[in-house]
Amino acid sequence: MKKLRKILAAALICALALSLVSCSTGSPSADTPHSRTGLYFDTVITITLYGDASKADERLDDVFKMAKRYENLLSDKKENSDISKINDAKGNWVTVDSDTVEAIQDAYDYSESSNGIFDLTVGTLSNLWDFKNNTGTIPNYSAIREALSHVDYKNVEINEDQVRLKDPKARIDLGGIAKGFIADKMKARLKELGAKSGIINLGGNILLIGKRPDKKAYTVGIQRPFSDDGTALFTLKAEDTSIVTSGTYQRYFKKNGRIYHHLLDTSNGFPYNNGLDSVTIITKNSTEADALSTTVFGMGLEKGLEFVNQTDGVEAVFVSSDGTITKSDNVDKLYDYTEIDS
């Protein structure tokens, strides 16, 4: 039931985003939205393009083929994906697609730059908690310690088109970066095909193509934490930008009055308990936005805010568990931030 609510909420967020960016009626024109929705990467994705309907359909066909292809390459849940082949190779080298190498290299770089706060080998730990199916089981300490012993991005080795795990029990999980990586690839392809205006929404990971057809910025709504109906907490006006949120409400269960969520602290193996409900990252590149949303959440409010304020081209909105909203220095100036009354 919780998974169904999550999917419905994601669909409602898609609807909210569309309602905010387009109010056109009447016959098809350059500002008429052409949308398609599907279920990939265990989440609802919606791509919306503006312009000629026949070209939009062709372009949507193309990017949805990409969605399927990348799911079959990068998902650690697909039996014959490149990632699963690496994870199951018992430490041996595996030849993989060039896009898989690129995604793993990007994930490795963010793992290294974050000193392991973001770690692409979190798979043993995320599999142990299994938030997709877990309705209330807290792993025991010995199992968590065992899983943590195999979480170390330095176990990943890349040699041209081959990848291996030096620790045969380690497991790559690209869940913290894959949707951003795929969104960037989709945007590049759509621009090659001539698309000038649109929205890529991969389960709430938003990547905007250009401006709205009327040359104004898009208005994007960000979900209120733990709102089952997708109610927006705030909106941002942006163009040609990625907006990605990591939140405790996206996958979780409650036990003994405490929320256990999918954002795992690689220093102790448990969900972060740092007083944050969500972090939204705003930056041009969706791969960066995806990875940083996880990393900055893990840093916590004080260190995360300091990091964002010192990083060029990146802004953030933090939502604390007590409802307090904290913005990085340039959010209001660059993105016309508006809070929505509850």
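Residues numbered from 1 in each chain as written. Predicted model: local features only at pLDDT ≥ 70, side-chain atom pairs only at ≥ 80, totals over all residues. Heavy atoms only, no water.

## Describing the overall build of the protein
And then number 1: Along the backbone of the protein there are nine helices and 16 strands.
And then number 2: For 342 residues, the compact-globule formula gives about 20 Å, and the C-alpha radius of gyration of the protein, at 20 Å, lands near that figure.
And then number 3: Here the C-alpha coordinates of the protein stretch approximately 60 × 45 × 40 Å along the principal axes.
And then number 4: Each of the 342 residues in the protein was classed as buried or not, and the buried ones make up 53%.
And then number 5: Once local pairs closer than 6 in sequence are excluded, the contacts in the protein between residues at least 24 apart make up 61%. (Helix = DSSP H or I, 4+ residues; strand = E, 2+ residues; numbered from the N terminus. Rg over C-alpha atoms; globule rule 2.2 N^0.38 Å. Buried < 20%, exposed > 50% of the residue type's maximum accessible area, 1.4 Å probe, protein only. Contact = heavy atoms within 4.5 Å.)

## Let's talk about the packing of helix 2 (residues 53-74) against helix 7 (residues 178-192)
And then number 1: Here helix 2 crosses helix 7 at 150°, and the two axes come no closer than 10 Å. Considering the angle they form, helix 2 stands roughly antiparallel to helix 7. The way helix 2 lies across helix 7 gives a crossing that is right-handed. Of the residues in helix 7, those touching helix 2 at R59, D62, V63, M66, A67, Y70 and L74 are F181, I182, K185, M186, R189 and L190.
And then number 2: Looking at side-chain class alone, the contact of helix 2 with helix 7 contains nine nonpolar, no polar and four charged residues. (Axes fitted to C-alpha atoms, helices over the stretch in contact; angles between N-to-C directions. Parallel < 35°, antiparallel > 145°, perpendicular 65-115°, else oblique. Left-handed = near helix turned anticlockwise from the far one by under 90°. Nonpolar A, V, L, I, M, F, W, Y, C, P; charged D, E, K, R; others polar.)

## A look at the nonpolar core
And then number 1: By size, the foremost hydrophobic cluster in this structure holds 45 residues, and its most contacted members are I47, I104, L120, I172, L174, M186 and I200.
And then number 2: Broken down by secondary-structure element, the contributors of at least two residues to this core are strand 2 (43-50), helix 2, helix 3 (82-87), helix 4 (98-113), strand 5 (162-165), helix 7, strand 6 (198-202) and strand 7 (205-209).
And then number 3: It is helix 2 that contributes the most residues to this core, eight residues altogether.
And then number 4: With residues up to four places along the chain from it excluded, the contact list for L120 reads I104, A107, Y108, S111, Y153, V156, R171, I172, D173 and L174.
And then number 5: One finds Y50, L208, I222 and I243 within the second-largest nonpolar core, a separate group that totals 19 residues. (Core = buried A, V, L, I, M, F, W, Y, C linked by side-chain atoms within 4.5 Å.)

## Remarks on the packing of aromatic side chains
And then number 1: Under the definition given, this model contains 14 aromatic pairs.
And then number 2: Aromatic pair Y108 and Y153: ring centres 5.4 Å apart, planes at 80°, arrangement edge-to-face. Here Y108, found in helix 4, pairs with Y153, found in the loop between helix 6 (141-148) and strand 4 (156-159); they are 45 residues apart in sequence, far enough to count as distant.
And then number 3: Here Y153 falls in the buried class, since its relative accessible area comes to 9%.
And then number 4: Put simply, the rings of W129, F131, Y141, F253, Y260 and F270 pair up and form one aromatic cluster. (Phe/Tyr/Trp six-rings, centres within 6.5 Å; stacked < 30°, edge-to-face > 60°.)

## Looking at the side chain of T295
And then number 1: Its location among the elements puts T295 in helix 8 (residues 286-309).
And then number 2: Once residues lying within four places of it in the same chain are set aside, the contact partners of T295 are S114, I117 and F118.

## Focus: the sheet that holds strand 13 (residues 276-283)
And then number 1: The strand order 1-2-6-7-10-13-14-15 describes an open sheet built from eight strands, whose pairing is antiparallel. The open sheet has two edge strands, strand 1 (33-40) and strand 15 (325-327), and neither has a second partner. Pairs of neighbouring strands in the sheet enclose a mean axial angle of 10°, with direction left out of account.
And then number 2: Of the pairings in the sheet, the one linking strand 13 to strand 14 (residues 315-320) comprises six bridges and is antiparallel in character. Paired with I282 across the strands is E315, a residue of strand 14.
And then number 3: Contacts from helix 8 reach strand 7, strand 10 (242-247), strand 13, strand 14 and strand 15, with the element oriented near 125° to strand 13. (Pairing = 2+ DSSP bridges.)

## Points about the pattern of salt bridges
And then number 1: This model, assessed by the stated rule, comprises 16 salt bridges.
And then number 2: A salt bridge links R171 to D88, with the shortest nitrogen-to-oxygen separation between them at 3.3 Å. Residue R171 is found in the loop between strand 5 and helix 7, and its partner D88 is found in the loop between helix 3 and strand 3 (94-95); the two are separated by 83 residues along the sequence.
And then number 3: Salt-bridge contacts for D240 lead to K187; the nearest nitrogen and oxygen are separated by 2.7 Å. With D240 in the loop between strand 9 (232-238) and strand 10 and K187 in helix 7, this pair connects stretches of sequence that are 53 residues apart.
And then number 4: Each of R69, D97, D99, E102 and K185 takes part in salt bridges that share partners, so that together they form one network. (Salt bridge = Lys/Arg side-chain N within 4 Å of Asp/Glu carboxyl O.)

## Thoughts on the environment of G304
And then number 1: Relative to the elements of secondary structure, G304 occurs in helix 8.
And then number 2: Along the backbone, G304 and V279 are 25 residues apart, and their C-alpha atoms lie at a distance of 9.3 Å.

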